[in-house]
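Observations on the three-dimensional arrangement
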Amino acid sequence: MPHDLGATARLTAECRDPGGALTTAATVTVTVTLPDGTTALPEASETDTGIYQADYPTVAPGRHSVRWVWTGPAAAYTDMFDVREESPSAILSLADARHQVKARSPQDDDDLRFWIGATTRSVEYFVGPVVVRTVTELHSVRRVRALALRQVPALTLISVTAVLSGGTSYQVSELDLDPSTGIVRPPSGGDLYGPLRVTYKAGRRTVDESITAAARIILQHLWRTRLVQGRGGLAGGGDDFSVTEPIPGLGYAVPNRAVQLLNPDQIPPGMA
């Protein structure tokens, strides 16, 4: 499961001889490669015969790779782990998620946070950004009366700057933004010259109950994939969580009644 930024990732690995038996190595090296390509060398220790452990305090979000190398015997092992952003997108709180799926064990929390992330992505596939975030986009326009931001609702413009040296940048106070369509234009009716790098806030400051309800349904549906019965069927079988029609881009991952709740807020075709 992903680690929170700033938390310590406990890394473990096993050293085995060519015959597959756990064995103590003469030396061990652990190399953590961060998302930006830099590396760290946390100290490793043997906690039991052939069982090694290293603690790495995380400093950057994203995917990390871990490379273990032993000598005497020669052995190697490669793994990975993810680190969440400082403010990850989450459409439901952990408390709401626990209540929805009736989770009582603290051991379920990491799994729940993982599925909250998947649920957030699924909901935003239909209705655009829900969790407020900062977006930066490159718009390769040349001379246009307006440009369309790719993520709506768009809340506020932060900056509109020229990409090329000598290009024209714009004060956001001199531009008009339509939040529902993401259309940006000068109120004077003049042209925009690009290419432009546009930074803005997108999402919803107030989330309608229909969106939250759909998120709860999707989360509960995805959570049920963990509850596998003896012969491989999902616990609960053919109740109203069953998905009878595939959804373009998502297959059978989203229950139909969740989609119906999201329909009033769906973004228009052609908008991201």
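Look up a bit, the structure's there.
Reference entry: report on the structure contained in this document. As a convention, each chain's residues are numbered from 1 in the sequence order in which they are written. The predicted nature of this model means local features are confined to residues of pLDDT at least 70 and side-chain atom pairs, given and counted, to a pLDDT of 80 or more, with totals for whole chains, interfaces and linings taken over all residues. To get the side-chain values, all heavy atoms of the structure are used, and hydrogens and water are removed first.

Digging into the overall build of the protein
In DSSP terms, a helix is any run of H or I states spanning at least four residues, a strand is any run of E spanning at least two, and both are numbered starting from the N terminus. A count of helices and strands for the protein gives four helices and 15 strands. The contacts in the protein between residues at least 6 apart in sequence include a share of 67% that link residues at least 24 apart. In these tables, accessible area is a Shrake-Rupley quantity obtained with a 1.4 Å probe, and a residue counts as shielded only by the protein chains included in the view. Roughly 15,000 Å² of accessible area belongs to the protein as shown, and the carbon and sulfur atoms make up 50% of that amount. Throughout, a residue-residue contact means that at least one pair of heavy atoms, one from each residue, lies within 4.5 Å.

What to know about the sheet that holds strand 2 (residues 27-33)
On the basis of which strands lie adjacent, the open sheet formed by four strands has the order 3-2-6-7 and antiparallel pairing. Sheet topology places strand 3 (39-40) and strand 7 (75-83) at the edges, where each strand pairs with a single neighbour. Judged from the two bridges that link them, strand 2 and strand 3 form a sheet pairing that is antiparallel. The partner of V32 across the bridge, within strand 3, is A40. Paired strands are those between which DSSP finds at least two bridges.

Some details on helix 2 (residues 109-127)
Its 19 residues place the ends of helix 2 27 Å apart at the C-alpha level, agreeing with the 27 Å of an ideal helix rising 1.5 Å per residue. The inward-facing, buried residues of helix 2 abut helix 1 (94-101), strand 8 (133-139), helix 3 (209-223) and helix 4 (256-262). A positive backbone phi angle near 80° is found at G128, which sits one or two residues after helix 2. By this rule the span expected of a helix is its residue count minus one, scaled by 1.5 Å.

Focus: the pairing of strand 6 (residues 62-71)
Within a regular strand, the side chains alternate between the two sheet faces. Note: strand 2 against strand 6, seven bridges, orientation antiparallel. Residue pairing across strands places V30 opposite W68, the latter belonging to strand 6. In this structure, strand 6 lies alongside strand 7, joined through nine bridges in antiparallel fashion. Residue pairing in the sheet places R63 in a bridge with D82 of strand 7. In this antiparallel pair of consecutive strands, strand 6 and strand 7, the connection spans three residues, and G72 shows a positive phi of 60°.

A short note on the packing of helix 1 against helix 3
Between helix 1 and helix 3, whose axes approach to 10 Å, the crossing angle comes to 60°. Both helix 1 and helix 3 take part in a crossing whose hand is right-handed. Mapping the contact onto sequence places D96, A97, H99, Q100 and V101 in helix 1 and R216, L219, Q220 and W223 in helix 3. Of the residues assigned to the contact of helix 1 with helix 3, the class counts are four nonpolar, three polar and two charged. To obtain an axis, a line is fitted to C-alpha atoms, over the contacting stretch when the element is a helix, and the angle between two such axes runs from 0 to 180 degrees between their N-to-C directions. Each crossing gets its handedness from the near helix: less than a right angle anticlockwise from the far helix is left-handed, clockwise is right-handed. Gly is put with the polar residues, along with every residue not named as nonpolar or charged; the nonpolar set is Ala, Val, Leu, Ile, Met, Phe, Trp, Tyr, Cys and Pro, and the charged set is Asp, Glu, Lys and Arg.

Digging into the packing of aromatic side chains
Each pair of aromatic rings taken from Phe, Tyr and Trp, with Trp reduced to its six-membered ring, is defined by centres within 6.5 Å and is described as stacked if the planes are under 30 degrees apart, edge-to-face if over 60, and tilted in the remaining cases. Within the structure shown, the criterion is met by five aromatic pairs. Between Y52 and W70, the ring centres sit 5.8 Å apart and the planes meet at 55°, which makes this aromatic pair tilted. Placement of the pair is Y52 in strand 5 (residues 51-57) and W70 in strand 6, with a sequence separation of 18 residues. For W70, a relative accessible area of 1% gives the class buried. Among the aromatic residues, ring-to-ring pairing joins Y52, W68 and W70 into one connected group. Note on exposure labels: buried denotes an accessible area under 20% of the residue type's maximum, exposed denotes more than 50%, and partly exposed covers the range between, all computed with a 1.4 Å probe on protein chains only.

Details of the environment of T78
Of note, T78 is situated in strand 7. Remark: the alpha-carbon pair of T78 and W68, spanning 10 residues in sequence, is separated by 6.2 Å. Excluding residues that lie within four positions of it along the chain, T78 makes contacts with V66 and R67. Two N or O atoms form a polar contact when they lie within 3.5 Å of each other; inside protein one atom must be a possible hydrogen donor and the other a possible acceptor, and for residues adjacent in sequence the pair counts only when both atoms belong to side chains. Side chain to side chain, T78 and R67 meet in a polar contact 2.8 Å long.

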